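A look at the structure
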Amino acid sequence: MEKSEAKRLLERARETWDAEEWLRSAELYEQVLAHYPDEGPSADWWYDAALAYKFLRDWEKAYELGREAAARAPRGEQDPAFWNLGVAATIQRDWATARDAWEGFGIPMPEGEGEIHGSFGPACVRLDTGGQREVVWIQRLCPTRGRVLNVPATKGRRFGEIVVHDGEPTGERTHDGRSVSVFDELLLFEASPLPTLHATVNAADASDVEALVASFFARDFGAEPASSFHMLCACCSEGRVDWDEAGASTHGGSQTVWLAAPEDEARQLLDAWAADGERSWSGLELSG
């Protein structure tokens, strides 16, 4: 390929990029890179092509081209080529490449080999299930994976499932004086075995409802009273939200509670809770 032809293809690649024609842009970059893989600006071309495939959720191609981009990026300087490779390698379950990518970005990894199960702190993820969007709290297992700590109200989503999220914050939540970022979900990485149930509970005080929630969490199950949900418009959800001020705290009275537990064990926990004080429950059913 003559350099004049490469220049023309690169101009077209940038035009299609600006038009968000991701597949065409990536293909044009690849045509040039097949002939000029290591020119001065080639690292940028590899990066843009890999990123285009990330936007397309073509993780095999994002992984393939991302390896090339990272190989030409400086290590330890938070170069985004390593971040995007870390995401793609995680989704491909290539743990050796994922570990190396995160370290190349500048994030120390836990010792060992294989799947990463570290403690990277809390964050929030905006689940997207067929257009239904819900922000949940997660415990991060690595820079891009987290275990869901809420019982989602969205049908088909579960407490304890592991999701992969993007690296660009799209909102912020503060709770108890601590700020955490909200990230968009990229995909469901590992499903949870715990079904989602719902029941109606009656309790005199908020402390009674909190006791029910605590009893489920003590067994590594989940419980989410309706009074703990905060309804936000899309604009507010993508901004900064103080979790302590955004909505009413958990209260007593009659309300629905979403539960994550095997049905028999959920009944046992509900019965044990109802036996103490002015408490009752009814209508335990499978959700969705």
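Here's what I pulled together on the structure shown here. (Residues numbered from 1 in each chain as written. Predicted model: local features only at pLDDT ≥ 70, side-chain atom pairs only at ≥ 80, totals over all residues. Heavy atoms only, no water.)

If the charged atoms of two oppositely charged side chains come close together, the side chains can form a pair. One pass over the full model with this rule turns up 19 salt bridges. A salt bridge links D94 to R67, with the nearest nitrogen and oxygen atoms 3.7 Å apart. Highlighted residues: D94 in the loop between α5 (80-91) and α6 (95-105) and R67 in helix α4 (residues 59-71), separated in sequence by 27 residues. Given a relative accessible area of 41%, R67 falls into the partly exposed group. (Salt bridge = Lys/Arg side-chain N within 4 Å of Asp/Glu carboxyl O. Helix = DSSP H or I, 4+ residues; strand = E, 2+ residues; numbered from the N terminus. Buried < 20%, exposed > 50% of the residue type's maximum accessible area, 1.4 Å probe, protein only.)

With that settled, consider the nonpolar core. Of all hydrophobic cores here, the largest spans 48 residues; its most connected members are Y29, V32, W45, W59, V87 and W102. Mapped onto this core, the elements with two or more residues apiece are α1 (3-18), α2 (22-33), α3 (42-55), α4, α5, α6, β4 (162-175) and β5 (178-190). The next biggest cluster of nonpolar side chains, apart from the first, holds 23 residues, and it includes L197, L212, F216 and A274. (Core = buried A, V, L, I, M, F, W, Y, C linked by side-chain atoms within 4.5 Å.)

For the rest of this paragraph, the subject is the sheet that holds strand β9 (residues 253-260). Within a sheet, neighbouring strands are paired by backbone hydrogen bonds and run either parallel or antiparallel to one another. Within the open sheet, the four strands sit side by side as β7-β9-β6-β10. Their pairing is antiparallel. Two strands in the sheet have a free side with no partner beyond their single neighbour: β7 (222-225) and β10 (279-286). Put simply, the sheet's adjacent strands are angled 25 degrees from each other on average, direction ignored. Looking at chain direction, strand β6 (residues 196-203) and β10 are connected through six bridges and run antiparallel. If you follow V201 over to β10, its bridge partner there is W281. Strand contacts of helix α7 (residues 206-217): β6, β7, β9 and β10, with the helix running at about 160 degrees to β7, the strand carrying the most contacts. In the packing of helix α9 (residues 263-274) onto the sheet, contacts are made with β6, β9 and β10, and the angle to β10 comes to roughly 170 degrees. (Pairing = 2+ DSSP bridges. Axes fitted to C-alpha atoms, helices over the stretch in contact; angles between N-to-C directions. Contact = heavy atoms within 4.5 Å.)

Evaluation of the coordinates by the stated rule reveals one cavity of 30 Å³ or more. What the largest cavity holds in volume is close to 30 Å³. When residues in the lining of the largest cavity are grouped by element, the largest group, three residues, is from α3. In the lining of the largest cavity, the residues fall into five nonpolar, two polar and no charged. (1 Å grid on protein atoms, 1.4 Å probe; cavity = no way out; pocket = protein on both sides within 12 Å on 5 of 7 lines; lining within 4 Å. Points joined across faces, edges and corners; volume = space filled by probe spheres on them. Nonpolar A, V, L, I, M, F, W, Y, C, P; charged D, E, K, R; others polar.)

This paragraph deals with the packing of α7 against α9. Orientation of α7 relative to α9, taken along the N-to-C sense of each, is 145 degrees, at an axis distance of 10 Å. In this structure, the crossing between α7 and α9 has a hand that is right-handed. Where α7 approaches α9, its residues D208, A211, L212, S215 and F216 are matched on the opposing element by A266, L269, L270 and W273. Of the residues belonging to the contact of α7 with α9, the class tally is seven nonpolar, one polar and one charged. (Left-handed = near helix turned anticlockwise from the far one by under 90°.)

Tracing the backbone shows Q78 in the loop between α4 and α5. A relative accessible area of 56% places Q78 in the exposed class. The sequence separation of Q78 and Y53 amounts to 25 residues, and the corresponding C-alpha distance is 21 Å.

The subject of this paragraph is the pairing of β9. In the sheet, β6 pairs with β9 via eight bridges, with the strands oriented antiparallel. In the sheet register, A199 faces β9, and the bridge partner there is V257. Of the strand pairs in this sheet, β7 and β9 are connected by four bridges, and their pairing is antiparallel. Counterpart to G222 in the pairing with β9 is A260.

Taking 1.5 Å of rise per residue, the 13 residues of α4 would be expected to cover 18 Å, and the 18 Å separating its terminal C-alpha atoms lies within 8% of that figure. Turning to α4, its buried residues number three or more, namely W59, K61, A62, Y63, L65, G66, A69 and A70. Of the surrounding secondary structure, the elements contacted by the buried residues of α4 are α2, α3, α5, α6 and β5. (Expected span 1.5 Å × (residues − 1).)

A ring pair, where both rings are aromatic, is described by two values, the distance of the centres and the angle of the planes. Across all of its chains, the model carries seven aromatic pairs by this definition. Pairing W22 with F55 gives two aromatic rings, centres 4.6 Å apart and planes at 55 degrees, and the pair type is tilted. Placement of the pair is W22 in helix α2 and F55 in helix α3, with a sequence separation of 33 residues. With centroids separated by 6.1 Å and ring planes inclined at 75 degrees, the aromatic side chains of W95 and F189 adopt a geometry described as edge-to-face. A residue pair is termed long-range when its members are at least 10 positions apart, and W95 in helix α6 and F189 in strand β5 qualify at 94 residues. Take F189: its relative accessible area is 8%, and that puts it in the buried class. The positively charged end of R93 is found above the aromatic ring belonging to F189, 3.9 Å away from the centroid. (Phe/Tyr/Trp six-rings, centres within 6.5 Å; stacked < 30°, edge-to-face > 60°. Lys NZ or Arg CZ within 6 Å of the ring centre and 35° of its normal.)

As for its position among the elements, T144 is in the loop between β2 (132-140) and β3 (145-148). A distance of 2.7 Å separates a polar side-chain atom of T144 from the backbone oxygen of H165. Leave out the neighbours within four places in its chain, and T144 touches V87, T90, W102, V163, V164 and H165. (Polar contact = N/O pair within 3.5 Å; in protein donor to acceptor, adjacent residues only side chain to side chain.)

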